[in-house]
Structures are given as C-alpha cells and as structure tokens.
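This is what each chain is made of:
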Number of protein chains: 2
Amino acid sequence: MKHSIVIVGGMAAGCSAAARLSLSEECNVTIIEKGSHVSVSTCGLAGYAGGEIDKPDDLSRTAFGVQRDPKYFRDFKNVIVFVNTEAQEIHVDGKKLRCRNTHTGEVMEICYDALLIATGSQPAKPNFQCAESPLISSFYYPDDGVRLRELAQKGQIGSAVIIGAGSDGCELSESLSEMWGIEVRLLDKRGRILPSVLDPELSLFLQNGTKSNRIALRLSANASGIQLNSKGLPVVSTEDGQQIECDYVLKCLGVDPATELAKRAGIKTGVHGGILVDESLKTNVSGIWAAGDCVEVVNLVTGTPSLFLHSSRANMMGRFAADSIMGRKVSFRGEAGTFSARIFGKSVCAAGLTQELAKESGFEASSVLGCWSDKPEYNPEAKPIFGKLVYDRSDMRLLGLQLTGESGIARYLDVFAELLSERKKVYDLVQLEHAFSPSDSNPVSPLNNLGLMALDQELDGVTNLSPLLVSQFSGVIVDVRENSEAASLPFPGKRVHVPFGELRSRFHDFDSSDHFVFVCSKGPRGYEAARLFLNHGFRNASYLGGGILLYNAIRNCAAASAGQLIEQLVSKT
Amino acid sequence: MKHSIVIVGGMAAGCSAAARLSLSEECNVTIIEKGSHVSVSTCGLAGYAGGEIDKPDDLSRTAFGVQRDPKYFRDFKNVIVFVNTEAQEIHVDGKKLRCRNTHTGEVMEICYDALLIATGSQPAKPNFQCAESPLISSFYYPDDGVRLRELAQKGQIGSAVIIGAGSDGCELSESLSEMWGIEVRLLDKRGRILPSVLDPELSLFLQNGTKSNRIALRLSANASGIQLNSKGLPVVSTEDGQQIECDYVLKCLGVDPATELAKRAGIKTGVHGGILVDESLKTNVSGIWAAGDCVEVVNLVTGTPSLFLHSSRANMMGRFAADSIMGRKVSFRGEAGTFSARIFGKSVCAAGLTQELAKESGFEASSVLGCWSDKPEYNPEAKPIFGKLVYDRSDMRLLGLQLTGESGIARYLDVFAELLSERKKVYDLVQLEHAFSPSDSNPVSPLNNLGLMALDQELDGVTNLSPLLVSQFSGVIVDVRENSEAASLPFPGKRVHVPFGELRSRFHDFDSSDHFVFVCSKGPRGYEAARLFLNHGFRNASYLGGGILLYNAIRNCAAASAGQLIEQLVSKT
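Residues numbered from 1 in each chain as written. Chains lettered and ligands numbered in written order. Predicted model: local features only at pLDDT ≥ 70, side-chain atom pairs only at ≥ 80, totals over all residues.

**Thoughts on the domain arrangement of chain A**
Residues and elements named next belong to chain A.
Turning to step 1, where the next piece is worked out: Looking at chain A, the domain boundaries give domain 1 (3-120 + 256-325), domain 2 (129-253), domain 3 (345-460) and domain 4 (461-573).
Turning to step 2, where the next piece is worked out: For domain 2 versus domain 3, the distance between C-alpha centres works out to 31 Å.
Turning to step 3, where the next piece is worked out: In this complex, domain 2 contributes eight residues to the contact, which on the side of domain 3 involves twelve residues.
Turning to step 4, where the next piece is worked out: Looking at the side of domain 2 that touches domain 3, its residues break down into five nonpolar, one polar and two charged. (Domains from an automatic or database assignment. Contact = placed C-beta atoms within 7 Å. Nonpolar A, V, L, I, M, F, W, Y, C, P; charged D, E, K, R; others polar.)

**Looking at the packing of helix H10 (residues 410-421) of chain A against helix H10 (residues 410-421) of chain B**
If you want to describe how two helices pack, look at the angle between their axes and the distance between the axes.
Turning to step 1, where the next piece is worked out: H10(B) packs onto H10(A) with a crossing angle of 15 degrees between their chain directions and a minimal axis gap of 7 Å. If you check the angle between H10(A) and H10(B), you find them roughly parallel. Taken as a pair, H10(A) and H10(B) cross one another with a handedness that is right-handed. In contact with Arg411(A), Tyr412(A), Asp414(A), Val415(A) and Glu418(A) of H10(A), H10(B) contributes Arg411(B), Tyr412(B), Asp414(B), Val415(B) and Glu418(B).
Turning to step 2, where the next piece is worked out: Broken down by class, the residue content of the contact of H10(A) with H10(B) amounts to four nonpolar, no polar and six charged. (Axes fitted to C-alpha atoms, helices over the stretch in contact; angles between N-to-C directions. Helix = DSSP H or I, 4+ residues; strand = E, 2+ residues; numbered from the N terminus. Parallel < 35°, antiparallel > 145°, perpendicular 65-115°, else oblique. Left-handed = near helix turned anticlockwise from the far one by under 90°.)

**Points about unusual backbone geometry**
Turning to step 1, where the next piece is worked out: Non-glycine residue Leu281(A) carries a positive phi angle of around 65 degrees.
Turning to step 2, where the next piece is worked out: By the C-beta count within 10 Å, which is 28 here, Leu281(A) ends up buried.
Turning to step 3, where the next piece is worked out: The phi torsion at Met396(B) lies on the positive side, around 65 degrees, for a residue other than glycine.
Turning to step 4, where the next piece is worked out: Mapped onto the secondary structure, Met396(B) falls in the loop between strand S26 (384-392) and strand S27 (398-405). (Buried ≥ 20, exposed ≤ 12 C-beta atoms within 10 Å, placed from the backbone.)

**With respect to the nonpolar core**
Most often, soluble globular proteins keep nonpolar side chains buried together rather than apart.
Turning to step 1, where the next piece is worked out: Counting 362 residues, the largest nonpolar core has Leu116(A), Ala291(A) and Leu116(B) as the members making the most contacts within it.
Turning to step 2, where the next piece is worked out: If sequence neighbours within four positions are ignored, Ala291(A) has contacts with Ala13(A), Ala17(A), Leu116(A), Ala118(A), Leu281(A), Ala314(A), Met317(A), Gly318(A) and Ala321(A). (Core = buried A, V, L, I, M, F, W, Y, C linked by C-beta atoms within 7 Å.)

**Points about the sheet that holds strand S12 (residues 183-187) of chain A**
Residues and elements named next belong to chain A.
Turning to step 1, where the next piece is worked out: Within the open sheet, the five strands sit side by side as S10-S17-S11-S12-S13. Their pairing is parallel. With one partner strand each, in any of the chains shown, strand S10 (136-138) and strand S13 (215-218) form the two edges of the open sheet. Averaged over all pairs of adjacent strands, the angle between strand axes in this sheet comes to 20 degrees, irrespective of strand direction.
Turning to step 2, where the next piece is worked out: Looking at chain direction, strand S11 (residues 159-163) and strand S17 (residues 248-251) are connected through four bridges and run parallel. Bridge assignment links Ile162 to a residue of S17, and that residue is Leu250.
Turning to step 3, where the next piece is worked out: Here helix H5 (residues 167-180) sits on the sheet in contact with S11, S12, S13 and S17, set at roughly 170 degrees to S12. (Pairing = 2+ DSSP bridges.)

Rendered as structure tokens:
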C-alpha cells in the first residue's frame, strides 16, 4: 500500500514538493488549497495589475500552454488537488487532517503518513481601524490583482493611496501611475522607501525616480485609520491629522507567516512567528514537515532564525522537504537573504543586512559607497551602477550589499549571497573572478571594486564618506574634476575647484589643519586625492562615496521630502 | 630616498600595478612599454574594427575624457611612462634594466629596487609558412584593428579568411560580415568553434547563428600556408588541398605568454610557457615579480599551473603584485577560469573545464544539458537559455559550466567560478540562493536546475542524453508534448507521439525490453516521462537534454557542416 502524503498549501513550496514526491510512485500525494487557484506565480501579480501581463491565467500556465489546475496536477503529476478547501485541524495522534470545502461546507478527513505544511504567508493586519469596502484591499491574493485591474482599466480609479513603501507598494505605485494614469500617494511611516532592504542612500536615490511621474511620496506619514466618506469612498487618516480622500486604498503592509493551523496542532513557532524546523525541515511534531514562507530558517549572517519571504527559496524548500519526507538525507542550510525588484525605472537588489540592521544586530557595521559604469566607458550603452557594501570593521566579515542600476545587476547578488553564506570576508571579494566581456561588464566588477574600497578604508585610512554626511559637512570640499566636467554635472554649494592633475602643485594653497572632502563624478579621483593629501601631512581628508552622481540624485530627493529626514537618517548611520 | 619600481609592460596588469604603487608616495614608478600606446582596452578592439566603437582613442580614454597617455600617467598617477621602448635585458645582480627606444635606437639603463614583469601575451606564431604582407595580419595590437578597419571602411576588403575559430576569430567574423558586408570564411582544424571553452553541443548551437549572415564555416580545414598570388593578394592553402583566395587574412591563432625577457634573466617558466610565481606573485629571482597574461597561475579545478588570458584577472593581479612589492602580505589563490563573449548574436560564457578537457585531465566527467526560459514564461520578453554542467561522477565535484542565451547570463558564471574555487559539489548548486525578480530571472535559477538534473541523473538513474547521442539513437523516441506543440517546433525523424498526460494509461503500448528516449521542447517533461517509465519496469529510459529546441539547432548546423563531424564529437563525449 502506498504512503499517503498530504500537503497543505498549493503555491510555490507545496506544488514543488508535490511534483517531486509524485515522481517516486511510492506515495499518493494530495494538496489542500484554501483558494480557488493553485501554483499561481503571484510574483507576476503586480505585472498583471499594471497591464504588462495580459491575463491572470498567464500566471498559472505552463510553458507549453496548459493551465496548472487540478486537472493538470492529476494528469501530469498524479497529484490530487482540492481547491476551495480549508485545512481546519490536524489530529496529530491519529494522523488525520480535517478539511472543509469553503463553497459547499462539506467536511472531510484525510489520513496522512506524512503531512507537509506549506501554508505560506498572509497579508499583515493593519494596527489601525479599517473600514470594510471593495475599494480598500490588500495586494496579495490573485483576486486582489484582478479586482484592481478591472477598476483601473474601466477608469474608475482617479486617485489611489498605497500604504507601505516596501517593494509591492513601490511597484504598484509605478504601475498604477504609468499604465493607468492614476494619481498615487505612497505612504510610509519609516521615512523612506524599502527601509528593510536598503540603507537611506539607495532609498533616496530610487525615490528620485518618482519625479518623472505622478507619484507623491509621503514617507513620514503614519496611517491611523481608513474610513469611508458619505459617497462611500475611502479616506485615509494619518497621525499628523491629515485626511486623504481617494478612490482606492491598497494596504501593502507586508506579510506574516500563516501558522494558525500549525499552532493549533502544537507545532512550535519562533520569535518572528514562523514555524520552527530542523535542517531536514521537520517540525517538532512527528510526521509533520514544513516549508516555504510559513517557516523560520537560520539567517546565515546573524546565525539566528529569521523569516525570508521569497518564492525562489520556497520552491527549493518544497523540493528539500519532499526528499526529506521520502527518507533522503537533507540539510537545508538556511539563507543569507536576497532581494531583487524593478522600482521606479531602476533595477535594485540586495543581500544580507543593511548597515542599519547590521548595527542593530550588534555588528561593528562599516560601509563604502561606489559608482561605476556597468560596461566599459567606450561602450556607448554604458550606464551607472551604484552600490553599498556593508561589512564588520572588527573582522572584515561581509554583512550586506545593495546595488542599483539600469539592468543586469541581480546576479551580482547571487555570488554575494554565496559569500555571505560561507562567512567570507572583504578580502574574498577582491579574489572573486568575473566572467568579463565588454558587451556586459567592466574588467573589474563592482564586487571587486567595493572590496578594494573597503580595504583602502580600513587598511589605508581613506574614508569613504556617505553623501548624506557630505551634505552636512562644514570643512573644505574640493572638486577635483576637469574644468569641462562641472558644467554638465554641477556640484551644488560652496567648493574649491582644483583639477586632479594640478593637485600636487597646490598643496601650499591649503591649510593642513582643515578638514577636507574630495569629490569627483563617481569617486575614484576623490579617493586618490584624499590619499594624496593624507600622504602629504594633511590629517583629515576623505572622499565622497558614489561621487557627485549619487550626491545630486540624493540631494534633489531629500529637498523634495522633509528636511529633517536627512538628519534622522544621518544620525542613524 | 624613494624606492625605484620598474614595470615592464603598460597594459592591464602593468598599469593597474603602477596606479596602486603610486598611491603610497614611497616609490618612483616607471613603466616601460614597447608599443606606442599604454593602458589600451584591447578587449574593445573587435568592437572598433566592427564599427561599434567610434575612434581607437576611445579605447584608452578615462571616463572623464582624458586620454590615458604618458602625460596622464605623469599628472594623475605620478608615474613615468616610456613608450616605444623595448626592455632588452635584466641585469639581475646589479638590479638594472637595459632598454632601447625603438624609434631613436637610444639605449638606457634603469636601476630598480623591484621589477614587475607584466609583458602580457603575444600572438601565437603559425606552424606553417606565411608570406609577409600588409594584407595578412594578426588581430592583437591596436594597430591591427586600425589597419583592418581602414581597409574595410574604404571597401577594399570584399572577402576575408579568418584562421582560428576562438572568440576573436568568431567575433571578427561577425563584425566584418555584419558591419562591412565582407564575405568571411572562418577556418579551424578542430572541428567546431570555441573548442577550448565549449563542448560540441553549445559550439554547434552557436554555429547555427552564422546562417543569417555571410560567414562560411570551414571547421575541418587545417591551414598549411599563406602565399601571395600574382596580384599580391593572399591565398590560404589547406591540408586537404584547397586554395582560398581573398583580400585579407586574419590569423587568430591564440596567444602565447611573452616571456623572452624573463627567460633570458633566468626566471623560471612552466609547462605552458608562462612565468612561474608564488602566491605573492614573486618569481624565483630576487626583486622580480610578475603579473598578468605572462604568468602561469594555479588552475583551481585541476590544481596544476595553467595559463588564463583575461584582462579582468590581469588587472587584479597587477594590484596584488603592487601590494606584494610594497611588503603587504598577498595571497593570490589562482583561477577557476571564466569566459564571456557575444558570438553570432548570442551571449556565451563558461567557467572551469569542458567535459572533453575534464576527461583529458583524468576526471570521471559526466554532464547534463538543459534549457530554460531566462524570465518567467508569463513575461513576454522571455527567451531560452541553454546550459551544460560538467561534474565528476565519482565524488559529485563541480568541474565546469557553459551557458548561452540572449543576454544577462555572464554573472551566473561569477558565482559558479566561486563554487569551483572552493571545490564545491553538485549538492551545493541546489543550495544556491538566487536574487529573483520576474523582470530578469526565474525563481529557480539555471544553476539550481542543473544541480537538480545532475542529482536526478546520479541518484535516481534518470539519464540526460546529449542531442548528439539522440541523433544516433536506434531505440524508440517518444515525443511527450501536447498535440499543439509539434506544428510550431517539429521533431525530425521517426518518433512516437504520446502527450505526457496520457502516458500513464499507455504503458501497455510499449515493449519493456526496448530502449526509450523521451523528448519535449525543453527537457522537463522528457525527464518526468523517463522516470515514470523506469518506475514502471522499463529498464532503458532516458530523456533529451536541452530539449527539441537545442536538438533542432544542433541538427541543422550539423547538417550544414560535414556529416562525420557529429560522429567524431560523439565518440569523444
């Protein structure tokens, strides 16, 4: 008799586990899915809402044109799928799962030899009063995207408020504004966009990209309630007393692991609310495994259990869980954590910890910021990449990386995540090989360069100064660019201008007791100038990290938002 | 008194070392360069010859518009550069270098405290008679590119023969054909293009790309001489008795390390002709370091010294050498070896060993071939990626990776090179994290997928069959695609057609003593079908690696070249 394996949850982790399990022919596999769809690529939902993807069905269709529905799973995978079916209770002793069809109310019990909990996540609940209305929605379930697009396409949304400037909130702002011409107000209380994956410099840089469209950023606005006005339209209240009327509200407040079922069965959860599992993805309850977004895994940077919500990883965890259920030795090592998205016209990606989070986690977090061309300068298609490396000053261990550019940068994070997982150091960045071709990179990669800059900072004492600090700097700013460069890329404010090639003959023009910051377009000449001055008896000389290109982008954006924002951020970093 | 540091060679390694050394202000740095230019990005030379890059000076201009010439090095780097100056002899005992100006004949001697040999490489000499003519040239020095473009631009080259189908030969074929309408014959004796970095499958796949332009491949043609005819035009003779007349011949025969100077000074070289150095890049002669293409470094896959010719790595080695000369502890670990280029309209990249080279190096080299979409299938811009993973069957160690696709694939090789350097195994591929966003990748990366396929092959016995072997297969080929798919992507030759969803009800149609190959468009359904049959008592079932997409591309190309080519290649793999 075949083993009975029951999987609760029919998205990334559950379906990948089911597909893997069914290959062995030694078990009967059943998926219990609460919603009406299975195996939906929800990562494409913003693309659908924004009109880039044609039909919602495109998100659950195989490459060969067959819909991934219960029939597909039966015919192609030999897996039974129950949709619209809620798993209500696990009878741990009898190894039974009680389920209820949410349409018919019918209740059934399924016996299992092994149970996999792959219940994923669910939208986080707001901590404020929120009216019930079809015009107030999360953006998580397929139907959320379908409803939003339907209204947008019919022209019924003139203005929208999006609460939460994480990646969903930012992507949706852009889609709604660009595709449907909706006037968007993006609210967040945390002072900037993407605060959990980016430090202020790159957050502000990306915010700069909103200038070209109709998105208004309100990033010090703490939503305190959503009511309906007399016409039935939503009104968002903020703590500072504003009332924002609009046609639609999207709550993009992040997600929580969906663990009610597990908790009721006595399965242990961690400090972040996710299910705790061992390396083989077993829970503390015999016969029950867990995988995907509902699980806490070891954060390979901090060494502590963390939540990583990532369809890529959920997919692989599902496969690992399947092998573990089939009795194979499995060792899921944990995650360094990666992030990649397109936000306000730029690609942005990150791995590990921000400098802010690294400090909160107790590391002696230091950083360098850089700017490079993504292709050789002679390539007419070359565009700038900006990056920030975070490392521990005490032992030079790598802690995090953030990059933004036009495109083609996410794979740099793959190799960085591997270095994080292996607890590598700044020195190891410099040894990294780089498959170079002038069609898509420079001979020295951004990772090599960031490593070199960090070594220069720590071993040679040449400080890479954040543009946020330079904007507050009261010493002497020396612009070492060629005369011809200042016209096309002006550096704002008071500065001394000495082209780099003349510096060696101009030491006597400067007072060695002054503090200096050297600036150039991207950073390297500023670095060399600072080092030159340090070599020649000047005690305080540093350079502008990321160059004037980053500085100007941030300055413009900072001016557009509240003035004190910069100060807050500076004191944090 | 400052240390005198002399660098022989003013390209990637030499200039990067000089720039780094000059930062310390503790030394006088002098570069001796034989040619008339320094710090030229020769990797852009094919781009210049092909008209994509406007002026040859673009290849030696800084990002801020200043030419990297001796004046630049003096003003910006405090480095003295002698161009047109040949280093003739090193007096090891007296620590002196004798040089000669190749224009004036003037001889000078420079004393050094440390000498860095960064003489790079030089075009390999042909092993056949070759007439002297301005119409017969290597493609290596800046002037080679300038002369070629001048003639091409003036319309003086109607037809060209390129000898050597390595990356230079292939890139030039394409540039000359596309940009200047030149009729190109590309000759190689090794049976396929890029044989040192690609196995036959991906070589043939890329060769398929030549169909769209005027490039004739002659890949079993061994050039035996180049003479001039009565009009002074080149005639290339081949061993099989052909005489090919043309307007221009390019010898793209690879490069050798330039080590004459080093050898005369008693510096040891290795089996590949490169200078031998220790981890700190010191040669066996006191006071002399070496870096860049003239050096043999440890191949981190084979563990033996090898030559890697790569401007990216030369650049970093120059910096390591500078630190070593300044007394810092340096440990250059060696290289796994990476390759990246655009060839016949595709991006192609590789790291480590091909299966062929791995076998020659004594590994039990096994492989899997795959095809995936480079973005989610619902993304209308999705394009196929093809890849081959090479690993050692005896211990599952990773040995090499080859990928080709439209674009954006080279960074996959960066992380793979890191895994190779750390002697990681197939299991580690499956653990790799992947910074996923639907705008530029799939949740499960090609590296994850190749790892999974290799595990399936070794642990579950589901063989991934090369299309070259499938084309010779005498058993039953079962096409498991949907009925609708065969029309747009026909599978050639005799086959049985059973859509995957019907397989489970059709076992009785097949004879379990037969041998089966299951085919689908990209591979996954073929794999699942093979596994299903193996589970149900069929003993010989495998699947087509890379799917029909790869098979058809290779078949077309194989048909276009000599028939026995395929057989040769098959017997090798």
